[in-house]
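# Commentary on secondary and tertiary structure
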Amino acid sequence: MADERELRYDPAAIEPKWQERWASDPTMYAAEPVFCGKPKYYVLEMLPYPSGQLHMGHVRNYSIGDALARHMWMRGYNVLHPMGWDAFGLPAENAALKNNTPPREWTLSNIAAMKRQMERLGLGYDWATEVTTCLPDYYRWNQWFFLRMYERGLVYRKKSKVNWCPECATVLANEQVVEGCCWRHETTLVEQRDLVQWFFRITAYAQELLDGLDKLDDWPEKVRIMQRNWIGRSEGTEVDFFLAEEAGEGNANLEQATEKKPIRVFTTRVDTIFGATSVQLAPQHALVAAFTATDPALKAQVDELLDQQKKAREAGDLGAIEKHGVPTGHFAMNPYNGKRVPIWVANYILADYGTGAIMSVPAHDERDFEFATKYGLPITQVIKPSDPSVATELPFCAHEGVLVNSGEYDGLSCDEAQKSLQDVAGRKGFGEAKIIFRLKDWGVSRQRYWGTPIPMIHCDKDGLVPVPDDQLPVVLPPQIEITQQGGSPLGRVPEFVNTTCPKCGGPARRETDTMDTFVDSSWYFYRYTDAKNDHAPFDPKVAQYWFPIDQYIGGVEHAILHLIYSRFWTKVMRDLGLIVNDEPARRLFTQGMVIKDGAKMSKSKGNVVSPDDMIAKYGADATRMYSLFAAPPDRDLDWQEDGVAGVSRFLARVWRLAEKHAPLARTGRGLTVDAPSGVSLKLLRKLHQTIAKITLDFEGRWHFNTCVAAIMELVNDLQAADAQLDAGEVSAPVMLELLRSLVLLLAPLAPYLAAELWEVLGEEGAVLRAPWPVSNPGLAREDELEIPVQVNGKLVTVVTVAADATTATIEAAALAGEKVQSRTAGKTVVKVIVVPGKLVNLVVK
RNA sequence: GCCCGGAUGGCGAAAUUGGCAGACGCAGCGGACUUAAAAUCCGCAGGCCGCAAGGCCGUGGGGGUUCAAGUCCCCCUCCGGGCACCA
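The shown structure was predicted, so the numbers you read here are calculated from the model rather than taken from an experiment.

This part takes up the domain arrangement of chain A. Under the domain assignment, chain A is made up of domain 1 (144–201 + 441–516), domain 2 (233–437), domain 3 (640–780) and domain 4 (784–844). The distance between the C-alpha centroids of domain 1 and domain 3 comes to 58 Å.

The nonpolar side chains of a soluble globular protein tend to be buried with one another. Of all hydrophobic cores here, the largest spans 189 residues; its most connected members are F200, W442, F525, Y552 and W639. By residue number, the principal contributor to this core is helix α21 (residues 641–667), which donates 12 residues. The residues that make up this core include at least three from each of domain 1 (144–201 + 441–516) and domain 3 (640–780). Discounting chain neighbours no more than four positions away, the residues touching W442 are W198, F199, F200, I202, D516, F518, V519, S522, Y565, F568 and W569. In terms of nonpolar packing, the next biggest core, distinct from the first, is built from 40 residues, F241, I263, L281 and A425 among them.

Moving on, we come to the side chain of N705. Structurally, N705 is set in helix α23 (residues 704–720). The class for N705 is buried, based on a relative accessible area of 14%. Excluding residues that lie within four positions of it along the chain, N705 makes contacts with L628, F629, A631 and P632.

Okay, the pairing of strand β1 (residues 40–45) next. Counting buried residues along β1, 6 of its 6 residues qualify, which places the element largely inside the surrounding structure. Pairing of β1 with strand β2 (residues 78–80) involves 3 bridges; the strand directions are parallel. By the bridge assignment, Y42 is partnered in β2 with L80. For the crossover from β1 across helix α3 (residues 56–74) to β2, the handedness is right-handed. When β1 meets strand β26 (residues 551–555), the two strands line up parallel, connected through 3 bridges.

With that out of the way, let us pick up the sheet that holds β2. Sheets are built from strands paired through backbone hydrogen bonds, the pairs being either parallel or antiparallel. Taken in spatial order, the 4 strands line up as β2-β1-β26-β27 in an open sheet, and their pairing is parallel. One side of each edge strand has no neighbouring strand; the edge strands of this open sheet are β2 and β27 (588–591). Sheet twist, expressed as the average angle between the axes of neighbouring strands with direction ignored, equals 20°. Along the sheet face, α3 touches β1, β2, β26 and β27 and points at about 170° away from the line of β1.

To continue, consider the state of the cysteines. Under the counting rule described, the total for this entry stands at 0 disulfides. With no disulfide partner, C501 has as its closest neighbouring cysteine sulfur the one in C459, 3.6 Å distant.

With that settled, consider the environment of V644. Inspection of the secondary structure puts V644 in helix α21. Given the relative accessible area of 0%, V644 is considered buried. Sequence separation of V644 and K617 is 27 residues, and the distance between their C-alpha atoms is 9.5 Å.

With that settled, the discussion passes to the pattern of salt bridges. As enumerated under the stated definition, the model contains 45 salt bridges in all. The residue E208 makes a salt bridge to K571 at a minimum N-O spacing of 3.3 Å. Of this pair, E208 sits in helix α7 (residues 206–215) while K571 sits in helix α18 (residues 561–575), and the two are 363 residues apart along the sequence. E208 gets classed as partly exposed once you look at its relative accessible area, which sits at 26%. Among the residues examined, K571 registers a relative accessible area of 1% and is labelled buried. Across the salt bridge formed by D550 and R586, the nearest N and O atoms sit 3.5 Å from each other. Of this pair, D550 sits in the loop between α17 (540–546) and β26 while R586 sits in the loop between α18 and β27, and the two are 36 residues apart along the sequence. We classify D550 as buried; its relative accessible area is 9%. Within the structure, one salt-bridge network assembled from shared partners comprises E208, R567, K571, R574, D575, D582 and E583.

Within the fold, D86 resides in the loop between β3 (84–85) and α4 (90–99). R448 is the oppositely charged side chain nearest to the buried, salt-bridge-free D86, at an N-O distance of 11 Å. Setting aside residues no more than four positions away along its own chain, D86 makes contact with L47, P48, Y49, P50, T133, T517, D520 and S521.

Applying the stated rule across the entire model yields 49 aromatic pairs. Aromatic side chains Y336 and Y409 sit 6.5 Å apart centroid to centroid with 90° between the ring planes, which places their arrangement in the edge-to-face category. One end of the pair, Y336, is in the loop between β13 (325–333) and β14 (340–346); the other, Y409, is in the loop between β17 (401–403) and α13 (414–428), with 73 residues separating them in the sequence. Judged by its relative accessible area of 15%, Y336 is buried.

Analysis parameters
Residues numbered from 1 in each chain as written. Chains lettered and ligands numbered in written order. Predicted model: local features only at pLDDT ≥ 70, side-chain atom pairs only at ≥ 80, totals over all residues. Heavy atoms only, no water. Domains from an automatic or database assignment. Core = buried A, V, L, I, M, F, W, Y, C linked by side-chain atoms within 4.5 Å. Buried < 20%, exposed > 50% of the residue type's maximum accessible area, 1.4 Å probe, protein only. Helix = DSSP H or I, 4+ residues; strand = E, 2+ residues; numbered from the N terminus. Contact = heavy atoms within 4.5 Å. Pairing = 2+ DSSP bridges. Right-handed = clockwise from strand over helix to strand, strands pointing away. Axes fitted to C-alpha atoms, helices over the stretch in contact; angles between N-to-C directions. Disulfide = S-S within 2.5 Å. Salt bridge = Lys/Arg side-chain N within 4 Å of Asp/Glu carboxyl O. Lys, Arg positive; Asp, Glu negative; His and termini not counted. Phe/Tyr/Trp six-rings, centres within 6.5 Å; stacked < 30°, edge-to-face > 60°.

Below you can see the structure in the form of structure tokens.
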């Protein structure tokens with residue numbers, strides 16, 4: 001019985017044993033002090049939301065990060081490999097509603113469950129640095145940062161549109177609006193409501209966030225492009241069109257017109273301004289309200305436009321809105337030529353981009369052309385192609401052209417014209433060059449319970465008063481009844497709301513909004529470096545040692561929000577003097593999704609594979625190794641359970657081989673490998689080739705799938721030589737090197753099996769503390785090579801030559817081959833191409 | 001519409017710099033061991049034709065460059081992702 005069990009690879013026995021040992025040694029995965037003298041390496045995986053269950057996407061993400069961390073430990077680095085919990089957020093409140101469990105309790109028990117799963121997977125985290133964002137020792141620093149930002153004018157309040165779900169009776173974040181509906185109530189249309197909201201002035205850093213992308217060479221190009229588009233820098237000109245109410249044709253009365261507030265438009269093509277034939281306002285534009293106040297008919301039409309916008313927005317497809325517009329009956333004057341143009345209101349003009357007003361130049365803009373054609377507005381061409389042979393077809397939107405019909409500017413190129421028109425506008429005071437961004441300030445108010453309370457106090461006498469630092473944290477009241485009523489839940493807790501004004505000591509009310517959870521994840525990775533600090537968010541000296549993160553790993557779904565907010569936060573912290581780095585992470589890696597049966601794993605598709613089931617059936621090593629083996633990490637991974645079984649079979653083969661030959665290997669300790677030959681040489685050669693290949697992959701390419709394949713090849717060779725191994729044709733020191741190295745190579749990929757076999761081989765200490773094997777180039781080199789020989793590009797034969805054979809030798813060997821002879825008989829060899837070490841190609845006629 | 005990816009055997013994939021297409025694994029087939037099965041081990045395996053030797057075809061489709069193309073260039077199709085009246 002005992003014998004039978006010994007012959008079987010049993011992860012269910014091996015893995016719990018090592019879990020226990022690792023748990024009992026807190027230094028196992030702990031970062032060393034910053035003065036340890038080793039080079040540092042900070043590897044970070046995105047922290048999960050504690051839903052209560054790890055999914056395969058997590059397993060994949062963490063398997064990559066853990067393999068890297070283990071590899072770096074073995075390379076002698078001081079590694080920081082932390083983990084935490086993005087623990088605030090609406091699901092906890094939903095769970096409270098559903099199960100009557102307090103959000104805190106629900107969240108903490110989920111964390112415990114997921115931490116247990118991580119331990120089962122054998123992920124090597126330094127739990128001493130664990131960060132849980134919903135605990136006051138973390139979120140107090142959110143509040144602290146909020147106050148520092150408030151002091152610097154980076155926090156402000158304004159009235160703003162919010163997404164409102166009438167069913168939940170609460171505000172939703174943009175990302176919780178799915179195709180115009182609430183993510184929880186898929187058929188409930190989200191409404192827009194006006195509320196006073198807190199904002200972070202991220203736009204103050206728009207230019208720097210954009211410029212910084214150029215330096216992030218080791219971020220995926222895809223992510224950088226997405227961020228560039230999101231920031232959306234646009235160079236152009238703002239120009240005032242004066243109101244010209246006087247009826248009649250011809251030039252308006254300038255004196256009269258300039259008395260009123262002009263309409264400021266933004267354009268990237270001020271060179272086309274002589275072709276402006278109308279001014280278009282967004283329905284929400286302030287002037288529209290002024291017009292409609294005295295014109296009920298117009299108001300009805302504008303309401304119609306607003307309604308169309310709203311419907312399109314709810315459908316999640318503002319881009320597809322059919323263009324509609326109404327003339328206001330009012331007129332504006334082009335400041336360059338005094339020309340009067342009608343003012344329209346149109347549904348496709350965005351109120352929150354630029355100035356909410358445009359000049360319409362139908363001849364040189366697709367949209368304006370469509371609109372003008374529909375409503376019969378005049379179309380005036382003012383740019384002609386610089387190449388006169390090109391026929392002009394309107395709209396002509398190219399930037400390469402020459403001005404016509406533009407008075408004194410005729411003949412100028414578009415670029416020249418833009419410059420002089422901007423100069424004139426500046427001189428005469430009716431406009432200026434302007435750079436605008438699509439990026440909006442970050443609305444952080446949430447009318448929810450389970451988030452960081454915003455540390456502000458409303459006093460009737462003193463107005464808005466920040467909570468003094470020594471009164472932080474503003475703690476969430478623990479017992480609160482979660483209901484479906486609208487408004488901030490904290491507003492219904494008098495003990496929380498009622499306070500005294502820090503300035504006057506009089507009665508005052510606390511702010512009841514909480515912060516967006518993206519605040520939590522914007523700086524959590526700094527807290528890891530000094531997680532227990534209760535005087536500051538972290539010690540700047542320690543952060544300076546660890547930052548920037550050397551490798552950040554996560555899903556591409558965070559390409560914009562989290563990764564822009566984090567970059568913003570880093571720049572703010574730098575300006576607060578807390579850190580010296582400009583960017584949080586030197587390298588970013590975005591892994592692919594986990595797919596099953598052609599679709600992303602999801603509950604609704606019913607194709608979810610539980611990590612726990614996989615671990616129970618095949619072990620954590622096989623589960624992790626499969627997730628690395630099935631596809632390169634940047635591509636989508638198709639989960640096939642048979643593949644996990646295959647990896648598990650492979651690990652069993654390794655286990656049997658090691659168990660069988662370990663006794664011989666152990667006797668090789670302390671002995672040197674003498675000049676190997678025969679099967680020993682072949683195996684050592686394969687080993688050193690494998691070490692070189694895997695080392696190279698860890699250093700950059702990260703094709704862990706081929707690393708696993710390479711180890712499989714090595715094991716296959718060992719297996720194939722098993723008869724010779726049994727016959728003693730491999731000496732003890734060679735066997736030791738083979739098995740030892742194999743275990744070291746496996747250590748980052750299958751840590752349990754590696755730890756177990758390390759012990760079986762009689763090694764002292766943890767395999768993680770053993771140095772990564774080094775490839776010996778002399779041993780890795782082949783002494784003979786097989787060179788394919790082609791005739792006219794078609795493979796004819798393969799010749800074996802010495803690895804250092806000269807071109808002439810290779811050519812002679814190739815020509816001597818029988819098959820080559822018969823192929824070339826009676827023909828002329830026109831050309832011989834010899835690529836040493838690669839191939840020979842004979843061109844014959 | 002614009003911008004990124006991607007398309008290779010029955011399936012997941014490999015080919016790192018233009019140099020033997022299909023490594024490694026899954027599924028399949030044949031054999032050994034076994035009373036039998038499981039497990040394990042050995043072997044076969046891109047397609048078509050052929051008894052075989054061998055031949056022809058083959059990396060989404062079409063063209064091109066090259067002695068040589070999965071890889072480089074041009075055009076097109078399909079799939080995935082992101083953005084989308086941003087003035």
